[in-house]
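The primary structure of each chain is shown beneath.
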Amino acid sequence: MWVIDIKLCLNESQNGPAAPELANKVEKLKELIVYASTRESFAPAQSIPTCDQEPESGPCNGHLNVHMISDDEIYWVCALCGDEGVVYGWKDLFWNIKNDDLGGEMH
Ligand SMILES: [Zn+2]
C-alpha cells in the first residue's frame with residue numbers, strides 16, 4: 001500500500017510537482033484531494049477519480065473508492081485491481097476545498 005506525504009512531492013510554492021517525473025503522480029493525488037474535500041463541502045461534486053495503475057494487460061482505469069479517514073488523510077482503493085494507498089499532508093494546500101481558512105489567498 002502507498003503512504004504518501006504530498007508535500008514531499010511538491011515544489012516550494014506547493015502548487016506543482018517538485019520534479020517533472022512527479023507530475024503524473026501529483027496530478028493524480030491532487031484529483032483525490034479535490035474529490036474527497038469537495039465531498040465534505042458544499043462545492044459541486046467532481047467526477048469519480050480513476051486508477052492510474054498499468055499492469056501488463058494495459059491501463060486499469062477502475063473507479064477509485066475514496067474515503068477521508070482523518071482530517072488530513074485520504075485513503076483510496078481501486079474497485080478493479082485493488083491498488084490502495086493513503087495520502088496525507090494536504091490539509092494546508094489550497095486543493096483542500098474544505099479549507100476555508102485560506103480565503104483565496106495565494107502564497
Ligand atoms: Zn486499478
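About the thresholds
Residues numbered from 1 in each chain as written. Predicted model: local features only at pLDDT ≥ 70, side-chain atom pairs only at ≥ 80, totals over all residues. Helix = DSSP H or I, 4+ residues; strand = E, 2+ residues; numbered from the N terminus. Rg over C-alpha atoms; globule rule 2.2 N^0.38 Å. Buried ≥ 20, exposed ≤ 12 C-beta atoms within 10 Å, placed from the backbone. Contact = placed C-beta atoms within 7 Å. Pairing = 2+ DSSP bridges. Axes fitted to C-alpha atoms, helices over the stretch in contact; angles between N-to-C directions. Core = buried A, V, L, I, M, F, W, Y, C linked by C-beta atoms within 7 Å. pLDDT = per-residue confidence, 0-100. Expected span 1.5 Å × (residues − 1).

What follows is about the overall build of the protein chain. When helices and strands are tallied, the protein chain shows one helix and four strands. Against the compact-globule benchmark of 13 Å for 107 residues, the protein chain has a radius of gyration of 14 Å, which places it among compact chains. Referenced to the eigenvectors of the C-alpha coordinate spread, the extents of the protein chain come out at roughly 45 × 30 × 20 Å. Considering the protein chain as a whole, with its 107 residues, one finds that 19% of them fall into the buried category. Within the protein chain, contacts between residues at least 6 apart in sequence are counted, and of these 43% link residues at least 24 apart.

This part takes up the sheet that holds strand 4 (residues 84-88). With mixed pairing, four strands are arranged side by side in an open sheet as 1-4-3-2. Only two strands of the sheet have a single partner each, and these edge strands are strand 1 (2-5) and strand 2 (64-70). Between one strand and the next, the sheet's axes are offset by a mean angle of 20°, whatever the strand orientation. As judged from the five bridges shared by strand 3 (residues 73-78) and strand 4, these two strands associate in the antiparallel manner. Bridge assignment links Trp-76 to a residue of strand 4, and that residue is Gly-85.

A word on the nonpolar core. Ile-6, Leu-32, Ile-33, Ile-74 and Val-87 are the most contacted members of the largest nonpolar core, which has 16 residues in total. Looking at this core, the elements with two or more residues in it are helix 1 (23-39) and strand 3. Per-element accounting of this core gives the leading share, five residues, to helix 1.

When the pLDDT values of the protein chain are averaged, the result is 88; 92% of them are 70 or greater. Ranking the elements of the protein chain by mean pLDDT puts helix 1 last, at 92, and strand 4 first, at 97.

Of note, Gln-14 is a non-glycine position whose phi angle comes to about 55°, a positive value. For Gln-14, the position within the fold is in the loop between strand 1 and helix 1. Phi at Asn-61 takes a positive value of approximately 60°, unusual for a residue other than glycine. Look at Asn-61 and you get partly exposed, because 13 C-beta atoms sit within 10 Å.

What follows is about the environment of Phe-42. Within the element layout of this structure, Phe-42 appears in the loop between helix 1 and strand 2. Placed 56 residues apart in sequence, Phe-42 and Lys-98 show a C-alpha to C-alpha distance of 8.6 Å.

Our next topic: helix 1. The terminal C-alpha atoms of helix 1, which comprises 17 residues, lie 24 Å apart, in line with the 24 Å expected from a rise of 1.5 Å per residue. Taken as a whole, helix 1 has its buried residues at Leu-29, Lys-30, Leu-32, Ile-33, Tyr-35, Ala-36 and Ser-37. As for helix 1, its buried residues are in contact with strand 1, strand 2, strand 3 and strand 4.

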